[in-house]
Amino acid sequence: MDLRMDGDKDLLFINGACPVVSERAEVVAQRLTIRLRTFYQEWFMNVEYGVPYLERILGQKVKKTTVDAIIQEHIYKERGVAEIVEFNSTMVNRNYSCRFRVRTDQGDTTAELTI
């Protein structure tokens, strides 16, 4: 069961209840958002979860292709992702941004995310 989050990535409550996400693409997009915004070893219940930003990206002289590979590796780790359909990224003055679409394992539905 995945709880619905609002646009600011906070839990959404409607009349005291938190609705459940049921659309497969929305579930995958929400899980990808959480995974890609979690630092490696940040979550105490699973210290192997998250992206190694501190260990492999931040404070390092890394190429954009290296960061792309790390991000894509973690996209594929998420349950429900069948393939990355589209991936675009930019790195300007050490500011990295990417936008991608994935195909879920239940068909041609896509999820989009910008980090």
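Further up the page is the structure itself.
1. Let's talk about the overall build of the chain
Item 1. A tally of helices and strands in the chain yields 3 helices and 5 strands.
Item 2. Ordering the α and β elements of the chain from the N terminus gives β-β-α-α-α-β-β-β.
Item 3. Nonlocal contacts in the chain, meaning residues at least 24 apart in sequence, comprise 35% of its contacts between residues at least 6 apart.
Item 4. Here the chain has roughly 7,400 Å² of accessible surface; of this, 50% comes from carbon and sulfur atoms.

2. A few points about the pairing of strand E4 (residues 95-104)
Item 1. Judged from the 10 bridges that link them, strand E3 (residues 81-92) and E4 form a sheet pairing that is antiparallel. Looking at the pairing, Val-81 lines up with Thr-104 of E4.
Item 2. As consecutive antiparallel partners, E3 and E4 are separated by 2 residues, and within that stretch Asn-93 has a phi angle of approximately 50 degrees, a positive value.

3. Remarks on the nonpolar core
Item 1. Counting residues in hydrophobic clusters, the biggest one holds 16 residues, and the most contacted among them are Leu-32, Leu-36, Ile-71, Ile-75, Phe-87, Phe-100 and Val-102.
Item 2. Those elements that provide at least two residues to this core are helix H1 (24-36), helix H2 (53-57), helix H3 (64-77), E3 and E4.
Item 3. Sort the elements by how many residues they give to this core and H3 lands first, with 4 residues.

4. A few points about the environment of Arg-37
Item 1. Topologically, Arg-37 is positioned in the loop between H1 and H2.
Item 2. On the basis of relative accessible area, Arg-37 is assigned to the partly exposed category, the value being 45%.
Item 3. Each C-alpha atom, one on Arg-37 and one on Gly-50, is 7.5 Å from the other, the two residues being 13 residues apart in sequence.

5. Points about H3
Helical geometry: 3.6 residues make up each α-helical turn, so side chains three or four residues apart lie on a common side.
Item 1. For H3, spanning 14 residues, the distance from its first C-alpha to its last is 20 Å, which sits close to the expected 20 Å at 1.5 Å a residue.
Item 2. Buried within H3 we find Val-67, Asp-68, Ile-70, Ile-71, His-74 and Ile-75. End-on, the buried residues of H3 take up no more than an arc of 165 degrees, which puts them together on one face.
Item 3. Buried residues along H3 sit against H1, H2, E3 and E4.

6. Section: unusual backbone geometry
Item 1. Of note in this structure, Gln-41 is not a glycine but carries a positive phi near 65 degrees.
Item 2. The topology assignment puts Gln-41 in the loop between H1 and H2.
Item 3. Here Gln-41 falls in the partly exposed class, since its relative accessible area comes to 45%.

Calculation criteria
- Residues numbered from 1 in each chain as written.
- Predicted model: local features only at pLDDT ≥ 70, side-chain atom pairs only at ≥ 80, totals over all residues.
- Heavy atoms only, no water.
- Helix = DSSP H or I, 4+ residues; strand = E, 2+ residues; numbered from the N terminus.
- Contact = heavy atoms within 4.5 Å.
- Areas by Shrake-Rupley, 256 points an atom, 1.4 Å probe, with all protein chains shown as cover.
- Pairing = 2+ DSSP bridges.
- Core = buried A, V, L, I, M, F, W, Y, C linked by side-chain atoms within 4.5 Å.
- Buried < 20%, exposed > 50% of the residue type's maximum accessible area, 1.4 Å probe, protein only.
- Expected span 1.5 Å × (residues − 1).
- Arc of directions from axis to C-beta.

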